[in-house]
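Descriptive analysis of the structure
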Amino acid sequence: MDPLIITCAPGGAEITIEETPYLPYTPAKLAETAKAVREAGGAIVHVHCRTDAGENTHDVARFRQAYDAIRAQTDIIVQFSTGGAIGMTPQERAAVLELRPEMATLTCGSVNFGDDIFENSFPIMRAILTKMNEFGVRPELEIFDKGHLANARRLAKEGLLTFPQHVDFVLGVPGAMEASVANLCDLVGDLPAGCTWSVAGIGRAQLSMALAAIAMGGHVRVGLEDNLYYSKGRLARNEELVARIARIAQEAGRPVATPDEARTILGLPRLAPA
Ligand code: KMH
Ligand code: ZN
């Protein structure tokens, strides 16, 4: 098995600064968290941004500040969100790609998202992918439901995407595919040849899905975007969620990938020397 790539999603668009004191919401805090996550065994940081008041934003200038701040602290792979928040326009979601992050997410279909709808029609996916291709940004395919893999194959047939790719299964969002080992096995069995994959279990499923991925040869995403708690009633810090996965992987005989090892596994170029 390849070394384990641990991705940390330190804070998504939905959580609020009132819910946890551990949400890194300024570029400086994001950079500090990325450094701590890297030291704990993380290889990829998945980035959403916020204003100084803690409100979610997809402002390009704010992403630039966050990117520069993270890069000044650590060699971790920086992956931008193009999912953004419910209700954002595709243009807002895709604008940050002009900063040419190493990776960015591409959600491969619309999905119920709690009481909302996370809209990813084919025109939206095509628009985001076209920008990714224009700026040479590697996608990570976010799969919330089984049909999303079929959608990705359709985008490949249209010539907008080539396989293999790195795929992240997001399991346990209310309204989407449930987080179970049976569902995970089903999805992995349906992957195009050569794809690498990780799983992000939502809420308390974060740990069980990570354990399954470690055993199956997949990779793992953890972080406050998907789960606020370390254990029942105890709020988590991002780096301790990463450290726990690294510890378990070591015990299971699975070494943890450095960012450069992850770049090799994912076929990403090495960082240019500073
Ligand atoms: N905030 C969610 C609606 C992504 O980052 O690519 C979507 C999301 C996915 O977080
Ligand atoms: Zn996200």
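Okay, so let's go over this structure.

Quick notes on the overall build of the protein
When helices and strands are counted, the protein shows nine helices and 14 strands. Computed over its C-alpha atoms, the radius of gyration of the protein comes to 17 Å, within 12% of the 19 Å expected for a compact globule of 274 residues. Considering only C-alpha atoms, the protein reaches an extent of 45 × 45 × 40 Å along its principal axes. Put simply, the protein has 274 residues, and 54% of those count as buried. The long-range share in the protein, meaning contacts at least 24 apart out of those at least 6 apart in sequence, stands at 73%. When the accessible area of the protein is evaluated, it comes to approximately 11300 Å², of which 51% is carbon and sulfur surface. Across the protein, the mean location of the 26 positive side-chain charges is 3 Å away from that of the 33 negative side-chain charges.

A look at the coordination of the zinc ion (ligand 2)
In this structure, His46 (NE2), His48 (NE2) and Glu225 (OE) serve as the protein donors to the zinc ion (ligand 2), at separations of 2.1 Å. In primary sequence terms, the donor set of the zinc ion (ligand 2) follows H-x1-H-x176-E. The exposure class assigned to His48 is buried, which follows from its relative accessible area of 7%.

Observations concerning helix H7 (residues 205-216)
Here H7 contains twelve residues, and its C-alpha end-to-end distance of 16 Å stays within 8% of the 16 Å for a straight helix at 1.5 Å per residue. For H7, the complete set of buried residues consists of Ala205, Gln206, Met209, Ala210, Ala212, Ala213 and Ile214. If you follow the buried residues of H7, they end up packed against strand E10 (166-171), helix H6 (181-189), strand E11 (196-201), strand E12 (219-222) and helix H8 (238-251). Two residues or fewer past H7, Gly217 is found with a positive phi of approximately 90°.

Quick look at the sheet that holds strand E1 (residues 6-8)
With parallel pairing, the eight strands of this closed barrel are ordered in space as E1-E2-E5-E6-E9-E10-E11-E12. With direction set aside, neighbouring strand axes in the sheet form an average angle of 30°. Judged from the two bridges that link them, strand E5 (residues 77-80) and strand E6 (residues 103-107) form a sheet pairing that is parallel. Across the sheet, Gln79 pairs through a bridge with Met103, a residue of E6. Across the sheet, helix H2 (residues 60-73) touches strand E2 (44-47) and E5, and the angle it forms with E5 is around 165°.

Details of the nonpolar core
Residues Val47, Phe80 and Phe169 are the most contacted members of the largest nonpolar core, which totals 72 residues. Considering every element that reaches this core, the biggest residue donor is helix H4 (residues 122-135), with seven residues. Sequence-distant contacts of Val47, defined by excluding residues within four places in its chain, comprise Leu30, Phe63, Ile70, Val78, Gln79, Phe80 and Ser81. Counting residues in hydrophobic clusters, the runner-up holds nine residues, among them Ala43, Ile44, Ala262 and Leu266.

With respect to the site of ligand 1
Around ligand 1, the neighbouring residues are Glu14, His46, His48, Ser81, Gly83, Gly84, Ile86, Thr105, Phe113, Phe118 and Glu225. Within the side chain of Glu14, a nitrogen or oxygen atom sits 2.8 Å from a nitrogen atom of ligand 1. Within the side chain of Ser81, one N or O atom sits 2.7 Å away from an oxygen atom of ligand 1. Considering ligand 1 on its own, with 300 Å² of exposed area, one finds that the protein chains cover 97% of that surface. Across the shell around ligand 1, the residue classes tally to three nonpolar, six polar and two charged.

Rules of the game
Residues numbered from 1 in each chain as written. Chains lettered and ligands numbered in written order. Predicted model: local features only at pLDDT ≥ 70, side-chain atom pairs only at ≥ 80, totals over all residues. Heavy atoms only, no water. Helix = DSSP H or I, 4+ residues; strand = E, 2+ residues; numbered from the N terminus. Rg over C-alpha atoms; globule rule 2.2 N^0.38 Å. Buried < 20%, exposed > 50% of the residue type's maximum accessible area, 1.4 Å probe, protein only. Contact = heavy atoms within 4.5 Å. Areas by Shrake-Rupley, 256 points an atom, 1.4 Å probe, with all protein chains shown as cover. Lys, Arg positive; Asp, Glu negative; His and termini not counted. Charge placed at Lys NZ, Arg CZ, Asp CG, Glu CD. Donors = N, O, S within 2.8 Å, 3.2 Å for Na, K, Ca; no water. Expected span 1.5 Å × (residues − 1). Pairing = 2+ DSSP bridges. Axes fitted to C-alpha atoms, helices over the stretch in contact; angles between N-to-C directions. Core = buried A, V, L, I, M, F, W, Y, C linked by side-chain atoms within 4.5 Å. Near = heavy atom within 4 Å. Polar contact = N/O pair within 3.5 Å; in protein donor to acceptor, adjacent residues only side chain to side chain. Nonpolar A, V, L, I, M, F, W, Y, C, P; charged D, E, K, R; others polar.

Purely spatial values, then, with no claim about function.
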